[in-house]
Amino acid sequence: MIPAIGLMVGAYIITRMTAMLTRPDASKVVRVLSILTIAVALMSCLQLLTGGAGPAPRF
C-alpha cells in the first residue's frame, strides 16, 4: 500500500512540474529546477517499482 501511495505522489509531482515547464512566463531557473525535480521523481518511482520487500530473515 505504501509504494502505491508513493507512486501516486510521484505522478502528481511529475504532472505539476510538467505544467510548470509549459508555462510561457517561467524563468530559466524555474525550468532547470522543474527538470531536476522530474528526474528525481522518476528515479524514485522507478526505485519503488523495482524494489521489493526482500526475503524474510531466517532465524
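These notes cover the structure that comes with them. (Residues numbered from 1 in each chain as written. Predicted model: local features only at pLDDT ≥ 70, side-chain atom pairs only at ≥ 80, totals over all residues. Heavy atoms only, no water.)

Helices and strands together make up the secondary structure of the protein chain, namely 2 helices and 0 strands. The buried share of the protein chain, reckoned over its 59 residues, is 14%. Counting only carbon and sulfur atoms, one obtains 74% of the accessible surface of the protein chain, whose full area is about 5,000 Å². (Helix = DSSP H or I, 4+ residues; strand = E, 2+ residues; numbered from the N terminus. Buried < 20%, exposed > 50% of the residue type's maximum accessible area, 1.4 Å probe, protein only. Areas by Shrake-Rupley, 256 points an atom, 1.4 Å probe, with all protein chains shown as cover.)

Residues Met1, Ile2, Ile5, Met8, Val9, Tyr12 and Ile13 make up a contiguous nonpolar surface patch of about 790 Å² in total accessible area. Mapped onto the elements, Ile5 comes out in helix 1 (residues 2-21). (Patch = residues over 30% accessible without salt bridge, like charges linked within 9 Å, V, L, I, M, F, W, Y side chains within 5 Å. Salt bridge = Lys/Arg side-chain N within 4 Å of Asp/Glu carboxyl O.)

Checked against the element boundaries, Ser34 lands in helix 2 (residues 28-50). Those residues in contact with Ser34, other than ones at most four positions away along the chain, are Met17, Met20 and Leu21. (Contact = heavy atoms within 4.5 Å.)

Looking now at helix 1. Taking 1.5 Å of rise per residue, the 20 residues of helix 1 would be expected to cover 28 Å, and the 29 Å separating its terminal C-alpha atoms lies within 8% of that figure. Every buried residue belonging to helix 1 is among Gly10, Ile14 and Met17, and all of these are buried. End-on, the buried residues of helix 1 take up no more than an arc of 70°, which puts them together on one face. Along helix 1, exposed side chains directed more than 90 degrees from the buried face belong to Met8, Tyr12 and Thr15. (Expected span 1.5 Å × (residues − 1). Arc of directions from axis to C-beta.)

A few words on the pattern of salt bridges. The final tally for this structure, using the stated rule, is 1 salt bridge. Between Arg23 and Asp25 there is a salt bridge, with its nearest N and O atoms 3.2 Å apart. You can call Arg23 partly exposed: its relative accessible area is 38%. On the basis of relative accessibility, which here comes to 57%, the residue Asp25 falls in the exposed class.

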